[in-house]
Every structure is written in structure tokens, then in C-alpha cells.
Amino acid sequence: MATPACIVGGIGVLLYWQNVTGNWESWAYAWTLIPGFVGVGIVLTGLLSRGNRQSVHEGGTLILISLVLFAIFGSFFGALGLMGKYWPILLVALGLLMLIRPLFRFR
């Protein structure tokens, strides 16, 4: 039940923040945080089940992907301005990381 709670709670916090600030346009890129909420729920489930490392790793991966997408879309729509005109370099680096990562997987 941790995963649905994190999803509903996270969306609730997003909508509360948008209501307080009036920044409803941020939904154009804030939706990318929803997979991160799922990741937080998976991490919590793994921690509460006492030592399920695979769940913690998979949840962390979802959180990382969500934050990268949030930065990319936020910069693309001009609201965050984190990367400016250099966001394509981040996409290329992320693609290279995804290609190289399986080569260095230790078991």
C-alpha cells in the first residue's frame, strides 16, 4: 500500500503547490514526477519488507529517471532554465550511459 499512497500523496502535493502559487502551467512538465512517486513507494516497500535490495535499487532507478525527465522537460518548456541550449548534450549522455551500463554490471 506504500506505492499507491506515495502516488496519491505526491500528486496531492503537486496540486497544492500549483494552487498556492497559481503556476498551473507547470503541469506541462510536473507530470514527469509521477514515476518518481512510484519509485518512492517501491523503495519504501523494499525497506519495510526488511532488506529487499532489488526493490530499493529499482525504485531508485525510477526516481532518477523521473528527476532527469523533470529537468529535461522543465528546461525544454523554459520554466526551469537549468540547461538552456545544452539540454541535447544531456540526452546524448543519458543515451550513452544506457548503452554502456549493461557492460559493467557486476554480480
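Residues numbered from 1 in each chain as written. Predicted model: local features only at pLDDT ≥ 70, side-chain atom pairs only at ≥ 80, totals over all residues. Heavy atoms only, no water.

Asks: Can you explain the layout of surface pockets? Please cite residues and give values.
Replies: Of the volumes computed, that of the largest pocket is approximately 290 Å³. Considering the residues around the largest pocket, the lining is formed by 13 residues, among which Thr 61, Ile 65, Leu 94, Met 98 and Arg 101 are closest to the centre. Looking at the lining of the largest pocket element by element, the count peaks at six residues for helix 4 (residues 53-76). Tallied by class, residues from the lining of the largest pocket come to ten nonpolar, one polar and two charged. (1 Å grid on protein atoms, 1.4 Å probe; cavity = no way out; pocket = protein on both sides within 12 Å on 5 of 7 lines; lining within 4 Å. Points joined across faces, edges and corners; volume = space filled by probe spheres on them. Helix = DSSP H or I, 4+ residues; strand = E, 2+ residues; numbered from the N terminus. Nonpolar A, V, L, I, M, F, W, Y, C, P; charged D, E, K, R; others polar.)

Asks: If you had to explain the environment of Gly 59 to someone new, which residues and values would you point to?
Replies: Turning to its location among the elements, Gly 59 is positioned in helix 4. Placed 23 residues apart in sequence, Gly 59 and Gly 36 show a C-alpha to C-alpha distance of 8.0 Å. Those residues in contact with Gly 59 that sit more than four places away from it in its chain are Gly 39, Ile 42 and Val 43. (Contact = heavy atoms within 4.5 Å.)

Asks: Which residues make up helix 3 (residues 34-48), and what values go with them?
Replies: The end-to-end C-alpha separation of helix 3 is 21 Å, in line with the 21 Å expected for 15 residues at 1.5 Å each. On the buried face of helix 3, the contacting elements are helix 1 (2-21) and helix 4. Just downstream of helix 3, Arg 50 is the residue with a positive phi angle, here 60°. (Expected span 1.5 Å × (residues − 1).)

Asks: Give a detailed account of the packing of aromatic side chains, specifying residues and quantitative values.
Replies: For the structure on display, the rule yields two aromatic pairs. Geometrically, the ring pair formed by Tyr 29 and Phe 70 is tilted, given 5.5 Å between the ring centres and 55° between the ring planes. On the criterion of sequence distance, the pair formed by Tyr 29 in helix 2 (residues 27-30) and Phe 70 in helix 4 is long-range, its members being 41 residues apart. For Tyr 29, a relative accessible area of 6% translates into the label buried. (Phe/Tyr/Trp six-rings, centres within 6.5 Å; stacked < 30°, edge-to-face > 60°. Buried < 20%, exposed > 50% of the residue type's maximum accessible area, 1.4 Å probe, protein only.)

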